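# Structural features, examined
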Amino acid sequence: LLDLLELYGRLFNYERVGISVLEGGRFFDKQERGWHNPNKPGLLALEDPQSGDNDIGKASFNWSAVRQSFEHAMLVLVAAMSEWESLERRRPQEAAQKSILGSIVSIPERIQRHRYYVQHTTNV
């Protein structure tokens, strides 16, 4: 997860590189494909798996905010991991109760209560 967040949040060169899911997934040069848009150079470029000459990323909206969210999530996770490792050295049992992933993905308490209610009042 950290590698994915770092790649797409910090390292990936959106100005020059596009993404394809075909043939197991690969990257390609946007310029060679003619998909580089000088007015929006950092725009996401995604090859349409149904039609290889169609860029389904060209209509993406506010991609820079998504990229910043990936980077932010990576930084929060790295900090949470460091904090957890420190806690594990001092109080291992307390560290075992913590969720590192919960630092970026959490379920609101109201949803947790609802899930508990559904689990205990239905036969599901």
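Numbers given to residues run from 1 along each chain, matching the order in which its sequence is written. Residues qualify for local features only when their pLDDT is at least 70, as the model is predicted, and side-chain atom pairs are given and counted only at 80 or more; totals for whole chains, interfaces and linings, by contrast, use all residues. Side-chain metrics in this entry use all non-hydrogen atoms of the structure; hydrogen atoms and water are not considered.

With that settled, the discussion passes to the packing of helix α1 (residues 2–11) against helix α3 (residues 63–90). To obtain each axis, a line is fitted to C-alpha atoms, and for helices this fit is confined to the stretch in contact; angles are then taken between N-to-C directions over 0 to 180 degrees. Strands are runs of DSSP state E lasting at least 2 residues, helices are runs of H or I lasting at least 4, and numbering of each runs from the N terminus. Remark: α1 packs on α3, axes separated minimally by 7 Å, with the N-to-C direction vectors making an angle of 140 degrees. Between α1 and α3, the crossing angle belongs to the class labelled oblique. Along this stretch, α1 crosses α3, giving a crossing that reads as left-handed. Residue-level inspection shows L2, L5, E6, Y8, G9 and R10 of α1 in contact with α3, the latter providing R67, F70, E71, A73, M74, L75, L77, V78 and M81. We call Asp, Glu, Lys and Arg charged. Ala, Val, Leu, Ile, Met, Phe, Trp, Tyr, Cys and Pro are nonpolar, and the rest, Gly among them, are polar. Here the contact of α1 with α3 is composed, by residue class, of ten nonpolar, one polar and four charged. Any angle between 65 and 115 degrees counts as roughly perpendicular, while under 35 counts as roughly parallel, over 145 as roughly antiparallel, and the rest as oblique. Crossing handedness: left-handed means the near helix sits turned counterclockwise from the far one by under a right angle, and right-handed means the same turn made clockwise. When checking whether two residues touch, look at their non-hydrogen atoms; a contact exists if any pair is within 4.5 Å.

With that settled, the discussion passes to the pairing of strand β1 (residues 17–20). Any two strands with at least two DSSP bridges between them are considered paired. In this sheet, strand β2 (residues 26–29) lies alongside β1 in antiparallel orientation, the contact comprising four bridges. Residue pairing in the sheet places V17 in a bridge with D29 of β2. Counting the residues between successive antiparallel strands, the hairpin from β1 to β2 contains five residues, one of them, E23, with a positive phi of roughly 55 degrees.

Moving on: the pattern of salt bridges. A carboxyl oxygen of Asp or Glu within 4 Å of a side-chain nitrogen of Lys or Arg is what we treat as a salt bridge. Scanning all chains against the criterion turns up six salt bridges. E47 is the salt-bridge partner of R26, the closest N and O atoms lying 3.8 Å from each other. Of this pair, R26 sits in strand β2 while E47 sits in the loop between α2 (30–33) and α3, placing them 21 residues apart in sequence. Exposure is judged per residue with a 1.4 Å probe applied to protein chains only, and the accessible area is read against the type maximum: over 50% gives exposed, under 20% gives buried, and values in between give partly exposed. Relative accessible area serves as the criterion here: at 30%, R26 is assigned to the partly exposed category.

In this section: unusual backbone geometry. Despite not being glycine, E23 has its phi angle at roughly 55 degrees, a positive value. Examined against the element boundaries, E23 turns out to sit in the loop between β1 and β2. Judged by its relative accessible area of 71%, E23 falls in the exposed class.

All right, on to a nonpolar patch on the surface then. A cluster of nonpolar side chains, contributed by L1, L4, L101, I104 and V105, occupies part of the molecular surface with about 440 Å² of accessible area. Considering the arrangement of structural elements, one finds L101 in the loop between α4 (92–96) and α5 (109–121). Surface patches are drawn from residues lacking salt bridges whose relative accessible area is over 30%; two like charges belong together within 9 Å, two nonpolar side chains (Val, Leu, Ile, Met, Phe, Trp, Tyr) within 5 Å. For the accessible areas, the method is Shrake-Rupley and the probe is 1.4 Å, while residue cover comes only from the protein chains on display.

Here E47 falls in the buried class, since its relative accessible area comes to 5%. At 3.1 Å, the side chain of E47 forms a polar contact with the side chain of R33. Once you skip the residues sitting within four places of it in the chain, E47 turns out to touch I19, S20, L22, R26, F28, R33, W35, G52, N54 and I56. As used in this structure description, the phrase polar contact means that two N or O atoms lie within 3.5 Å; if the pair is within protein, one of them must be able to donate a hydrogen and the other to accept it, and residues adjacent in sequence are counted only when both atoms belong to side chains.

Counting six residues, the largest nonpolar core consists of Y8, F12, Y14, I19, L44 and W63. Excluding anything up to four places from it in sequence, F12 contacts L7, V17, G18, I19, F27 and R67. We call a set of buried residues a nonpolar core when its members are Ala, Val, Leu, Ile, Met, Phe, Trp, Tyr or Cys and they connect through side-chain atoms within 4.5 Å of each other.

All we've got here are geometric facts, nothing functional implied.
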